[in-house]
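Chain by chain, the residues:
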Number of protein chains: 4
Amino acid sequence: MTRLPDVPLKLFLDDRDAFPQLLVLWLLFLEPLRFRVKLLCRFSAHPEPESGSGFFVVDPSNPNFKDSRPMLNAKLAAKAHPTHRTVVRLTEEITIGDRQLLIIGGPCSVESFSQMEQVATRLKPIAVQALRGGVYKPRSSPYAFQGLGEAGLEILAAIRAESGLPVVTEVMAIAQIETVAAYADMLQIGSRNMHNFDLLKALGQVNKPVLLKRGLAATLEEFLLAAEYILSHGNPNVVLCERGIRSFDSHTRNVLDLGTVVALKQISHLPVLVDPSHAAGKRELVPDLARAAIACGADGLIIECHPAPEQSVSDARQALSLTDMVDLVTSLDPIATAVGRSLMRPESTSLERSVLTAC
Amino acid sequence: MTRLPDVPLKLFLDDRDAFPQLLVLWLLFLEPLRFRVKLLCRFSAHPEPESGSGFFVVDPSNPNFKDSRPMLNAKLAAKAHPTHRTVVRLTEEITIGDRQLLIIGGPCSVESFSQMEQVATRLKPIAVQALRGGVYKPRSSPYAFQGLGEAGLEILAAIRAESGLPVVTEVMAIAQIETVAAYADMLQIGSRNMHNFDLLKALGQVNKPVLLKRGLAATLEEFLLAAEYILSHGNPNVVLCERGIRSFDSHTRNVLDLGTVVALKQISHLPVLVDPSHAAGKRELVPDLARAAIACGADGLIIECHPAPEQSVSDARQALSLTDMVDLVTSLDPIATAVGRSLMRPESTSLERSVLTAC
Amino acid sequence: MTRLPDVPLKLFLDDRDAFPQLLVLWLLFLEPLRFRVKLLCRFSAHPEPESGSGFFVVDPSNPNFKDSRPMLNAKLAAKAHPTHRTVVRLTEEITIGDRQLLIIGGPCSVESFSQMEQVATRLKPIAVQALRGGVYKPRSSPYAFQGLGEAGLEILAAIRAESGLPVVTEVMAIAQIETVAAYADMLQIGSRNMHNFDLLKALGQVNKPVLLKRGLAATLEEFLLAAEYILSHGNPNVVLCERGIRSFDSHTRNVLDLGTVVALKQISHLPVLVDPSHAAGKRELVPDLARAAIACGADGLIIECHPAPEQSVSDARQALSLTDMVDLVTSLDPIATAVGRSLMRPESTSLERSVLTAC
Amino acid sequence: MTRLPDVPLKLFLDDRDAFPQLLVLWLLFLEPLRFRVKLLCRFSAHPEPESGSGFFVVDPSNPNFKDSRPMLNAKLAAKAHPTHRTVVRLTEEITIGDRQLLIIGGPCSVESFSQMEQVATRLKPIAVQALRGGVYKPRSSPYAFQGLGEAGLEILAAIRAESGLPVVTEVMAIAQIETVAAYADMLQIGSRNMHNFDLLKALGQVNKPVLLKRGLAATLEEFLLAAEYILSHGNPNVVLCERGIRSFDSHTRNVLDLGTVVALKQISHLPVLVDPSHAAGKRELVPDLARAAIACGADGLIIECHPAPEQSVSDARQALSLTDMVDLVTSLDPIATAVGRSLMRPESTSLERSVLTAC
């Protein structure tokens, strides 16, 4: 944007309570347009910033100041101060948003006990801390496989007990919440339900973490406001997940928007995962995108993998084989280190887990 | 896409020369749809694949086979075989597309000798091998700063002589090619000119490398075909550059499409750079996106930086300070190593350069 | 797409039952690519087309044949034959999809009895046959006005009784269906819930017509498949509504996609309405877009209007004043006539209605 | 956007010359956000609005006030006052932007004299006032048909002489301008060259009207600024053309953005044509979109038609047959009348033309 001519504009403010609005005005419009504004505040003292106010503390004398477009209404999802950061606890030992990255792996759909057992057996020894697998599947066509439902939940429960790995699965409707919450460690809201506001409100009253996927065409602000629905209804354990946005080129299924991942990490205190599988839609693109996601500061990954990808009942084209999944996770280690993060050290944790499972 | 029922379809082919078309038919449509096709080729021998044919050698028995949508007409831009790779030579010592990454830095616009000298002085000791700086500027508004023109080229030439760093600058019109090619080491085609076919044809007859930026809304196929225009008119030294595509969220200026970077590296043998500055449009997002680009396999970066970013005559909001640029480049080293690449070792090269400059 | 060289390809088909799949193959891929295909069907007779099969009857000898991309899975939403057309009955006297257009008017949100009464009083004498007004409002922010809820439904019921005009209102959750269906004549599914599959399934079991709005970034195929969810769960009375898709230019709130309206009318037998208010997002653009919608063959309009637009609690910027609404509806008459449609003749119908109300 | 709380903000302005900037500030930001602003202008008199200033004269007391987002830099392309309107003269008798609509028809590419003669013979008796036909073709692939070049121009010249119909053809490069301007009555800038700024500048010095097509992903503001390039370099005869923007659904080739056509007519004084052929990409969608374009206020149409559409060398899928073209143009008459416009009366005009041709 080109610089407008300087305008010797003076703003006077008579009402102390209106200061936040003025700040917004200034941040949003006057500063970015480089109006040279002289602010005369007639009241005696700056009001206390509300806790969780969603406004950045900005030092305008710093040319590299962080952001400029605070989200007006996402009071709870936005950072209260620059170092504000929330760590969500998945299990007693596994957290999301701290130094250690969270890697979630598993098939698009839970198909059988044997399928899930193969996945768990192969992923447990490496730095994968949780399993994914859909049992309620949002499908564009009513005639496509809709998931195993409760039978699938029982498979997840059995695998969870056997392997000690927590499980993440999608909930599509309010009526499913209670059952799913009884079996799963984290409830996923799919991209197509990011704007299902009644479902979001209901998840505000659940005491399990929620993995909220970004809508196909949701702006950063809408994404944060969807999180705000859950937060403001009582559940502070929200994890955001970028999974690609819809665009004009059909070569990739979606466009992975890592710029928004970076912006989310700067604006919000919530952890942010990345799903490169749905973004790419083609398995050969997944590993490189996964590495990019870690390099740009994501708090972890959720990746589709399957014992026999080509026979997957859904999203077969994007699932990694278990061998490729192991290779990928192994390759992440030096990148995590390069950006000040770490993967789980498999040895120690699997030991702790054995003990935990034994109890 | 769900699997269609098996169809016992048989295709017979009478004409040996039509085999490539049949292969395309099969790759594009029949295999992805999982039609079970039995191919009966009546001719005696498989034709030799044309060199540079653009068709992948695909082993359909491999469930992780690489791609499936070869680009029909980008014969020269597409890989002839899976390990096909082109290394473009920028100077005698600097190459693009080989193990060592290329980092290009500099301001959006060349403003003055002093500005460029500050940039060169600060960037030369680190792993930055080339300078950027626009002298012909494509601006949405006819009243915005249009660049210094030939005066800017002379500044670039002086800085190039003084620092020994090669320079990259944009050419907007056929009439500018000869002059710019006399001063610059690589000619950049901006995003808005990716579909300026007469300009592309003219660049096919230049013996300098061309940095071709992806159009604002160009598909991967259109991008490769734009490169094909240059290649097929005689210039084999084309470097592709992803710089963000247009999307619905104005929070970032564009959406950096790293999925297409990964796909380009798999489909084309040409080097691929990434411009995180234009993609993000905000300086605070640039370093994380730059790290992501290296992690996903890009061959280098082109980044806007300025001695006093906030005073930049154009794109001020996205320019890094020189200090931030130095920090960023330093941070890339472990990521490059993690993906089997390297940055220039500054010491030795600046030594070699001094010698070169002295000659 | 450029023409490929002719390929003398022959396809033989041994299995009579596989004919539909072959037809799809041919329509989708071979014909558009202009492969010269000779089809040899060895079975004795063409199978009967399934009723509601979703495949167009195509005469390939006609160069202007009507589409081209039958929707694979939208068996019930797609036309069974070229003249297939469904007329949905809103009340005993008002239908949708027949010669007479349906015009729905009213505010974004029901705010008060007085507000709705002003709307009904002003719109009843003109060719507006139904009222809209939201009582459950999907809002990006949890802190924005969420609608009056059941109090709003009671206002709608009172206005409906007083004016004799049927009412359309949005249902956001399964739990609201029963209550809303008791008050409203048509249930609206908003854009953000087009992919709320459990809600769609539940609406399949309601005996009121459903107004299904296209998702912000839903393809034509996804839109038809969302309708298919309702149809396949038992409710045949689905009315589609295009309301603008998300795009890159913020000058208009959305982009009204009339090309998809035209395509829907050719591919599906369901009625199609257009909502120019949400598409434009600015009231001064609404009337021209409304006229365009009628001219391209839409079955009617749903338009936001308000007694005092600038005081509307939601979407104030796009609401027409009642005066402007009257002017707009009046202006539609010659356009409707030009495309073989008509508006309700207000006199006679209001007479009939008075009789009806009197009963 | 929700209403912010009222802020008793006062703005004082000391400098009379800064008033335009203040107005922009107010229009762009304060009014839309509904800040209750009290403006105290200390200078004695309102400055005269510059002629062609690009700022709307807005009456804020009118709730239906027209626009809202004046284009900051498109001083010459924007209206100077609400009724500002430019009529561009194509020939002595044919104008664009006045009451009578301009309908341009013809093939994508000029292929032969016989082809163009069939087109002219069939279209001249109906309300088509000009012929189109490309001789320099922008094609994604370098191997696709690139147009007949000067041989095509000679065909156009011969047809023009024979039929008396003016011709419109595309110019892709500065080097082609002089030749094309010698043969054609209006020079078209294609979508892919809308941002080819050097070409735009060169067209500013031509004394023929320019038909400027909107870029694939150009915003309304960028489109107007592209026109501004031509206007500010000396050529006032610019006609805008919306031809569809790129979006996520491949069912239609592009999305026809009539909302922007309506906005352009409100913001700019330049005539606006619509190209439904490139927008739809499928001939069966073209007539309905053409009728919609006229209904929403476009000043005319440019439509692809061909004596044998299926044999067209380029864009075959979207070309109408000449019979369909005649039917379409005939169907436009009542819609034109409905919106206060007219088609050329063929009888009288062809008479006048014969006389003219005879001279």
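Structure: see above.
Nothing here was measured: the structure is a model prediction, and the numbers come from that model. (Residues numbered from 1 in each chain as written. Chains lettered and ligands numbered in written order. Predicted model: local features only at pLDDT ≥ 70, side-chain atom pairs only at ≥ 80, totals over all residues. Heavy atoms only, no water.)

Student: Even after reading the chapter, I still don't get the overall build of chain A, so can you show me in this structure?
Tutor: A count of helices and strands for chain A gives eleven helices and 13 strands. Expressed as a percentage of its 359 residues, the buried residues of chain A come to 64%. Of the contacts formed within chain A by residues at least 6 apart in sequence, a portion of 70% connects residues at least 24 apart. Within the structure as shown, chain A displays about 12,500 Å² of accessible surface, and the carbon and sulfur contribution to it stands at 52%. (Helix = DSSP H or I, 4+ residues; strand = E, 2+ residues; numbered from the N terminus. Buried < 20%, exposed > 50% of the residue type's maximum accessible area, 1.4 Å probe, protein only. Contact = heavy atoms within 4.5 Å. Areas by Shrake-Rupley, 256 points an atom, 1.4 Å probe, with all protein chains shown as cover.)

Student: Which parts of the structure should I look at to understand the packing of aromatic side chains?
Tutor: When we look at a pair of aromatic rings, we describe it by the centre distance and by the angle of the planes. Scanning the model with the defined rule gives four aromatic pairs over all chains in all. Summarising the aromatic geometry, the rings of Phe-197 of chain D and Tyr-229 of chain D are spaced 4.6 Å apart at their centres and angled 25° between planes, so their arrangement reads as stacked. Here Tyr-229 of chain D lies in helix 6 (residues 220–232) and Phe-197 of chain D lies in helix 5 (residues 197–203), a separation of 32 residues in the sequence. Residues Phe-197 of chain D and Tyr-229 of chain D agree in their burial class; the two are buried. Directly above the ring of Tyr-143 of chain A sits Lys-75 of chain C, whose terminal nitrogen or CZ lies 5.2 Å from the centroid. (Phe/Tyr/Trp six-rings, centres within 6.5 Å; stacked < 30°, edge-to-face > 60°. Lys NZ or Arg CZ within 6 Å of the ring centre and 35° of its normal.)

Student: Before we go on, may I ask you to explain the relation of the copies chain D and chain C in this structure?
Tutor: The relation between the two copies of this chain is a rotation about an axis and a shift parallel to it. Mapping chain D onto chain C calls for a screw motion: a turn of 180° about the axis and a shift of 0.0 Å along it, with 0.0 Å RMSD after fitting. On the angle and the small slide along the axis, the relation comes out as a two-fold axis. Closest approach to the rotation axis within chain D is made by the C-alpha atom of Ala-292 of chain D, at a distance of 2.0 Å. A shared interface surface links the copies, since 98% of the contact residues of chain D are contact residues in chain C too. (Least-squares fit on C-alpha atoms with pLDDT ≥ 70 in both.)

Student: Can you walk me through the relation of the copies chain B and chain D in this structure?
Tutor: When chain B is brought onto chain D, the operation consists of a screw motion whose angular component is 180° and whose axial shift is 0.0 Å, with 0.0 Å RMSD remaining. Both copies contact each other with a shared surface, as 100% of the interface residues of chain B are interface residues in chain D too.

Student: In this structure, what is going on with the side chain of Ser-268 of chain B? I would like to understand it.
Tutor: Residues and elements named next belong to chain B. By secondary structure assignment, the location of Ser-268 is in the loop between helix 7 (258–267) and strand 11 (272–274). Under the relative-accessibility criterion, Ser-268 is labelled buried at 2%. Looking at Ser-268, its side chain comes within polar contact range of the main-chain nitrogen of Leu-270, at 3.0 Å. Excluding residues that lie within four positions of it along the chain, Ser-268 makes contacts with Ala-77, Ala-78, Lys-79, Leu-224 and Leu-240. (Polar contact = N/O pair within 3.5 Å; in protein donor to acceptor, adjacent residues only side chain to side chain.)

Student: Quick question: what am I supposed to make of the interface of chain B and chain D here?
Tutor: Interfaces are often described in size by the accessible area the parts lose on coming together. Opposite the 29 residues of chain B that make contact, chain D presents 29 residues. When chain B packs against chain D, close to 2,500 Å² is buried across both sides, 54% of that on carbon and sulfur atoms. There are two salt bridges connecting chain B and chain D. One salt bridge connects Glu-222 of chain B with Arg-246 of chain D, and the closest N-O pair in it is separated by 2.6 Å. Viewed at the interface, chain D and chain B are joined by 14 residue pairs in polar contact (both at pLDDT 80 or more). Every element with two or more residues in the side of chain B that touches chain D is listed here: helix 5 (197–203) and helix 6 (220–232) of chain B. (Buried area = accessible area lost by both parts, 1.4 Å probe. Salt bridge = Lys/Arg side-chain N within 4 Å of Asp/Glu carboxyl O.)

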